[in-house]
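So the chains spell out like this:
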Amino acid sequence: MRGLRGQFYGIYGDLEEHAAKRVCHGCGAEHFIADSGEYWDDTQTAVMVCECDGDGDEEAFNVAVGFSLYTDSGGIRALAITSRCVACGRLGYWDDWMIRGGAMHLLDLA
């Protein structure tokens, strides 16, 4: 794991506000997922953890964001954030929320 840390992320979020960000283990860069930055409140955030407790370091995950689109290309209906624990390979789930709009630019903000 140590040689490839740039491919792994910590996941933080506010489940009540449906806001999430990923933090790169390689460079420390933070990236809000979709429009999460608009709803972010540092006092309400939690960190995603795996039941295996990782390898003793900060939790590391591969992160995926899935989008549900309207069939008429009218925009994004919903999104879901999931992950895979680097230490044990377990697949996990963070959150999902409805977008219900033409906000196609959010596809670039996964």
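Cut-off values and rules
Residues numbered from 1 in each chain as written. Predicted model: local features only at pLDDT ≥ 70, side-chain atom pairs only at ≥ 80, totals over all residues. Heavy atoms only, no water. Helix = DSSP H or I, 4+ residues; strand = E, 2+ residues; numbered from the N terminus. Buried < 20%, exposed > 50% of the residue type's maximum accessible area, 1.4 Å probe, protein only. Contact = heavy atoms within 4.5 Å. Salt bridge = Lys/Arg side-chain N within 4 Å of Asp/Glu carboxyl O. Polar contact = N/O pair within 3.5 Å; in protein donor to acceptor, adjacent residues only side chain to side chain.

Before we go on, may I ask you to explain the environment of A29 in this structure?
For A29, the position within the fold is in the loop between β2 (19–24) and β3 (30–32). The class of A29 is partly exposed, set by a relative accessible area of 41%. Here the alpha-carbon distance between A29 and Q44, two residues 15 residues apart in the chain, equals 20 Å. Not counting the four nearest positions on each side in its chain, A29 is found in contact with R22, V23 and C24.

What's the story with the pattern of salt bridges in this structure? I'm lost.
Counting across every chain of the model gives 2 salt bridges. Linking K21 and E30 is a salt bridge whose minimum nitrogen-to-oxygen distance equals 2.8 Å. Judged by its relative accessible area of 9%, K21 falls in the buried class. Here E51 and R90 are joined by a salt bridge, their closest N and O atoms 3.0 Å apart. Of this pair, E51 sits in the loop between β4 (46–47) and β5 (61–69) while R90 sits in the loop between β6 (76–85) and β7 (91–101), and the two are 39 residues apart along the sequence. Given a relative accessible area of 68%, E51 falls into the exposed group.

Please explain the environment of S36 as it appears in this structure.
Take S36: it is sitting in the loop between β3 and β4. Excluding residues within four positions of it along the chain, S36 makes contact with H18, A19, A20 and W97. Of note is the side chain of S36, whose polar atom sits 2.9 Å from the backbone nitrogen of A20.

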